[in-house]
Amino acid sequence: MKIRFLLIVICTSLSSCWAEPETVLVSPNENIFLEFSVDEKGKPQYEVFFKNKAIIKTSTLGFDFENTTSFLDGFEVLNSETKAFNETWQMPWGEQLDVVNHYNELRVELQEKSELKRKLNIVFKVYNDGVGFRYEFPEQENFKEAFITEENTEFNLTQDYKTFWIPGDWDIYEHLYSTTKLSEIDAKNYKVNSALAQTSIPENAVNTPVTLVGKDGIHLSFHEAALIDYSGMTLKVNPKNLSFKSNLVGSRNTAYKVKRTLPFNTPWRTIQIAENAPDLIESNLIVNLNEPNKLGDVSWFKPMKYTGVWWEMHLGKSSWDYGMEMVDGKWTDTGKAHRKHGATTQNVKRFIDFSAKNNIGGVLVEGWNTGWERWIGFEDREGVFDFVTPYPDYNLDEVTTYAKQKGVEIIMHHETSAATATYEKQQDTAYALMQKYGMHAVKSGYVGKILPKGEFHHGQYMVNQYNNAAIKAAKYQVAVNAHEPIKATGLRRTYPNIISREGLRGQEFNAWSGDGGNPPEHLSIVAFTRMLAGPIDFTPGIFNIKFNEYKKNNQVNTTLAHQLALYVVIYSPVQMAADLVEHYEANPKPLEFIKDVGVDWSKIKVLNGEVGEFVTIARKERKTGNWFLGSITDENSRKIKVDFSFLDENQKYEAKIYKDGKSAHWNENPLDIEFETIEVTKSSKLDFKLAEGGGLAISIKKKD
Ligand code: NOJ
Ligand code: CA
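Since the model is a prediction, treat every value here as computed from it, not as a measurement. (Residues numbered from 1 in each chain as written. Chains lettered and ligands numbered in written order. Predicted model: local features only at pLDDT ≥ 70, side-chain atom pairs only at ≥ 80, totals over all residues. Heavy atoms only, no water.)

## Regarding the packing of helix α7 (residues 420–436) against helix α8 (residues 460–475)
The angle between the axes and the distance between the axes are what describe a pair of packed helices.
So, step 1. The N-to-C vectors of α7 and α8 enclose an angle of 15 degrees; their axes lie 9 Å apart at closest approach. Classed by the angle they form, the pair α7 and α8 counts as roughly parallel. You can see that α7 and α8 cross each other, and the crossing is right-handed. Side by side, α7 and α8 meet where T420, Y423, E424, Q427, D428, Y431 and Q435 of the first sit next to Y461, M462, Q465, A469, K472, A473 and K475 of the second. (Axes fitted to C-alpha atoms, helices over the stretch in contact; angles between N-to-C directions. Helix = DSSP H or I, 4+ residues; strand = E, 2+ residues; numbered from the N terminus. Parallel < 35°, antiparallel > 145°, perpendicular 65-115°, else oblique. Left-handed = near helix turned anticlockwise from the far one by under 90°. Contact = heavy atoms within 4.5 Å.)

## Points about the sheet that holds strand β29 (residues 498–501)
So, step 1. Spatially, 7 strands are ordered β29-β28-β27-β26-β25-β22-β30 in an open sheet, and the strand pairing comes out parallel. Across the chains shown, the open sheet's two edge strands, defined by having one partner strand only, are β29 and β30 (574–576). Taking each pair of neighbouring strands and ignoring which way they run, the sheet shows an average axis angle of 30 degrees.
So, step 2. Of the strand pairs in this sheet, strand β27 (residues 441–445) and strand β28 (residues 479–482) are connected by 4 bridges, and their pairing is parallel. In the strand pairing of β28, K443 is matched with N481.
So, step 3. The strands that α7 touches are β26 (409–415) and β27; relative to β26, the one it contacts most, it runs at about 170 degrees. (Pairing = 2+ DSSP bridges.)

## Thoughts on the coordination of the calcium ion (ligand 2)
So, step 1. For the calcium ion (ligand 2), every protein donor is listed as E174 (OE), E174 (OE), E484 (OE), E502 (OE), E502 (OE) and E508 (OE), and the spread of their distances is 2.3 to 3.1 Å.
So, step 2. Of note, the calcium ion (ligand 2) draws all its donor residues from one chain, in the sequence arrangement E-x309-E-x17-E-x5-E. Highlighted residues: E174 in the loop between β12 (162–165) and β13 (178–181) and E508 in the loop between β29 and α9 (509–512), separated in sequence by 334 residues.
So, step 3. Taking the relative accessible area as the measure of exposure, E174 reaches 5% and is therefore buried.
So, step 4. Look at E508 and you get buried, because its relative accessible area is 9%. (Donors = N, O, S within 2.8 Å, 3.2 Å for Na, K, Ca; no water. Buried < 20%, exposed > 50% of the residue type's maximum accessible area, 1.4 Å probe, protein only.)

Just distances and angles here, no functional claims.
Written as structure tokens, this is what we have:
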């Protein structure tokens, strides 16, 4: 292996190399080593090593097509070359300002030896934090259009990792994570929550990111980057061989899963590799594998905290729908409105006032437009939702004028109910309406089975729906936060108006899931799985943890301090203060943290953590240079040490600490919280105790 490395170092540092063809690659820090080869049958394959240990054993690469022979074997290497790349780019908003994009690349050009002589290129990029590779189908005489029935990318692993997974559902990511050995994954028997409007798990497969922890401390996460005009990839599990194989999301309407005209590239297949859990969160592999910003100046969008007419519907205090009735084919206000409608001018003004008072920049209004009488569970949803017509008790002019006076922005809501034709048809007018009112962010939703029938949320048809909606929205200076979305694959680098998304089991499940809600460990897993893909609209900040006055059998399963910590643990440039105004007003002390906490960061420091157990993250606010810290734990209480050496040199800070009280416990006593204000500097070291399901939040402001 030593000689190999020497050869590689020479090969990657010189523009040409004597060893032909080039088939090996190392990371800039030389910890990761990748070798590509074509076996005696002409099968393309690769291996990955980390610090001389095999991570991916010989794994083959290929495709099946609907109307032509597979890409399986019979290939020869026509040409291959390596190059080094190093740049630093800036996020317009994000977890950090500067992102280092440093990798070595190997590009292999393959051709079939048979008479068709079809070509396939494979490009590998090896970073210090992992590996990305993709297939390129170049323009060629004997291959004009690809009808891909399956992609056969193997990931053959070398140990029976502890795996944090959700099932490979073609329609939804809103599942609780299971923690099992790789060999014990059984996605087809996963118990699906009955409240989910749609779900489809055809294989023993997992969705990505899927995160694996080895006995030797190796941490891996598998995912994809730059998912464009292609199907989402699930990973089929072979429990006996300890391996994953790509399994693309399909459609009931076609035998193929992906249709593309050549030339085209697939998304990147990614393997994040780390020696500890915190390094996974600090990895930038996924965004780095995407193209640079194509939108140019996006300063029209500003990261913000927001409140909204939202939780009250999930609690049953109010409703989305107004109570319209269908008369002669038209939705009509027959005067029978049930008076529970949440999105009224008056109610929204209450949220605007509260937000303006508490340094919160936005107010989301759900249920403002006609159509809510027929959305969930209805088959004929096309033509129902209208994205420009408000209900009679909601005055868009009045609300937006009032909000502007108060320095608050209204966040638009488009629940498409997965009726894609209706949404596509109205997008231009809907986004133009937003532009007219100076609204720069929309939360979209795709609840229910996809229309047209037979398509799935994560297939090629929908990937294009989500991406095209965001690209079109950008033309109207609109940023998108999709729920029931396609997974994040770092496209926000190319289209920064893709600001956030759901794509996980969010806070709302605590209001109605019927299965006990999200367990205390939920976010300690999410931070190391779903969050590696990109920003999350989780909607934290529930203060009335038990909400018995609304729903006796549901609750949030964390302490109040844990809810505060989530503003720092979870990254999103739109971060909701999700609870009701009256619940915040009854708790002015903890509300101070939400008022103070940043949403846009120049630096991230993950101080400690173990997947599924706990995590502590510190983030530096761009605008002020102040720091914020959040720490959460699972159902176990634990002691953590916080070393403040991440702070600036020669600077004193005022630390406002929000911690679990002595008898705090997610179920027994979730509201027990203590406050303390002390001075800290770079040399401070403090011990804290997190309660069962508990947390810790600290705002660390510079002192003059
Ligand atoms: C599901 C979304 O996740 C939730 O936030 C929203 O309130 C409802 N759909 C209605 O659109
Ligand atoms: Ca949802």
